[in-house]
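Close look at the chain arrangement
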Amino acid sequence: MSSNLAVKLRSGTQKAHTAAENVGFMKCFLKGVVDKDCFAKFLGNLYFVYTELETALASHQNNPVIGGMYFPELNRRAALETDMVFYYGNDWRSLITPSNNAKKYITRIQQLSASAPALLIGHAYTRYMGDLSGGQMLQKIAQSTLKLSGYEGTSFYNFDQIPDKKAFKDKYRDALNAVAVDDATADRIVAEANHAFSLNMQMAEELEGSLIRAIGQVLFNNLTGSHNPGSTEAAATN
């Protein structure tokens, strides 16, 4: 049974992808305006989300659906721990807590792990493929803007076990297309991927108050006033 899941996920999340790129926090980021404290909070939230997601995926690696999509070389938790030490010091665990929207995200992963683990694929796809694609550009922006040396503070985006990202993404898409799910389940995975985009957007939006305090309301408005067609819309018009 071939689900063509990669194609369905790509086409079924285009609008969500563009919406995510139009969140104010991300629009500022993409234009090179990055506040160190906000970025640290952003990565801190992702630490809690990835810890939950990777724990769930590992616990279901023998599941017939999840098993074919289990790639531990994607795991981000250890890299995020390295970043937390950089931003907060060795006592970082006592200094960070998940935001309210990060807690919502974590709860959703826990719900799926308990009742519908196949849908975790929607979250893995949204996060990891984003990290391997647009995330690489975000890393360069953060390194330049925050004047970071090497991978310090951006280990999250450094996939040291995946030297050829394009080849791996092709492999990942092939694995998605080989997932043995019926059309109804495939549609539910796409819907869950869209929900993952929404949860990620909510986490980013939650940081906008801190960013505005750091850069000022006028600059924030100037940076976020226009609609960004996003990579998916731009690709559709080429």
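Residue positions are given per chain, counted from 1 along the sequence in the order it is written. Where local features are concerned, this predicted model is filtered to residues with pLDDT of at least 70; where side-chain atom pairs are given and counted, the filter is 80 or more; whole-chain, interface and lining totals use all residues. Working from all heavy atoms in the structure, the side-chain values ignore hydrogens and water.

This part takes up the overall build of the protein. Runs of H or I in DSSP of at least four residues are treated as helices and runs of E of at least two as strands, each being numbered from the N terminus. In terms of regular secondary structure, the protein is built from 13 helices and 0 strands. Tracing the protein from N to C terminus, the helices and strands come up as α-α-α-α-α-α-α-α-α-α-α-α-α. Only C-alpha atoms enter the radius of gyration; for comparison, a globular chain is expected to reach 2.2 Å times N to the power 0.38, where N is the number of residues. Taken over the C-alpha trace, the protein has a radius of gyration of 18 Å; the compact-globule value for 238 residues is 18 Å, and the two agree within 12%. On the principal axes, the C-alpha backbone points of the protein span a range of 55 × 45 × 35 Å. Each residue is placed in one exposure class: buried if its accessible area under a 1.4 Å probe, protein chains only, is under 20% of its type's maximum, exposed if it is over 50%, and partly exposed if it falls in between. For the protein, buried positions account for 52% of its 238 residues. Once local pairs closer than 6 in sequence are excluded, the contacts in the protein between residues at least 24 apart make up 84%. By the convention used here, residues are in contact when the closest approach between their heavy atoms is within 4.5 Å.

We now examine the environment of Gly-135. With respect to the helices, strands and loops of the structure, Gly-135 is situated in helix α8 (residues 134-145). Overall, Gly-135 belongs to the buried group, its relative accessible area being 4%. Here the alpha-carbon distance between Gly-135 and Tyr-157, two residues 22 residues apart in the chain, equals 6.3 Å. If we ignore the near neighbours within four places in the chain, the residues touching Gly-135 are Gly-130 and Tyr-157.

A few words now on unusual backbone geometry. Positive phi, close to 55°, is recorded for Lys-147, a residue that is not glycine. Turning to its location among the elements, Lys-147 is positioned in the loop between α8 and α9 (165-178).

What follows covers the nonpolar core. Residues Phe-25, Phe-39, Leu-43, Leu-74, Ile-121, Tyr-172 and Leu-176 are the most contacted members of the largest nonpolar core, which totals 79 residues. The element that contributes the greatest number of residues to this core is helix α4 (residues 36-59), accounting for 13 residues. When neighbours within four sequence positions are excluded, Phe-25 is seen to be in contact with Cys-38, Phe-42, Ala-204, Leu-207, Glu-208, Leu-211 and Phe-220. As used here, the term nonpolar core means buried Ala, Val, Leu, Ile, Met, Phe, Trp, Tyr and Cys residues forming a set that is joined through side-chain atoms within 4.5 Å.

Note on definitions: salt bridges are taken to be side-chain nitrogens of Lys or Arg within 4 Å of carboxyl oxygens of Asp or Glu. One pass over the structure, following the stated rule, counts 7 salt bridges. For the salt bridge of Arg-93 with Glu-81, the shortest nitrogen-to-oxygen distance reads 3.4 Å. Separated by 12 residues along the polypeptide, Arg-93 in the loop between α5 (77-88) and α6 (100-115) and Glu-81 in helix α5 bring together distant segments of the chain. Arg-127 is the partner of Asp-131 in a salt bridge, and the nearest nitrogen-oxygen pair spans 2.7 Å. You can see Asp-131 and its partner Arg-127 sitting in helix α7 (residues 120-132), 4 residues apart, about one turn around the helix. Taken as a pair, Asp-131 and Arg-127 share a single burial class, namely buried.

Let us look at the environment of Ala-167. Tracing the chain through its elements places Ala-167 in helix α9. By relative accessible area, Ala-167 is classed as partly exposed at 40%. Between the alpha carbons of Ala-167 and Lys-27 there is a distance of 29 Å; along the sequence they are 140 residues apart.

Time to look at the confidence of the model for the protein. The pLDDT averaged across the protein works out to 93; a share of 95% of its residues lies at or above 70. A residue's pLDDT is the predictor's confidence in that residue, given on a scale from 0 to 100. Note on residues 232-238: pLDDT is under 50 here. Beyond four places in sequence and across chains, it has 6 contacts.

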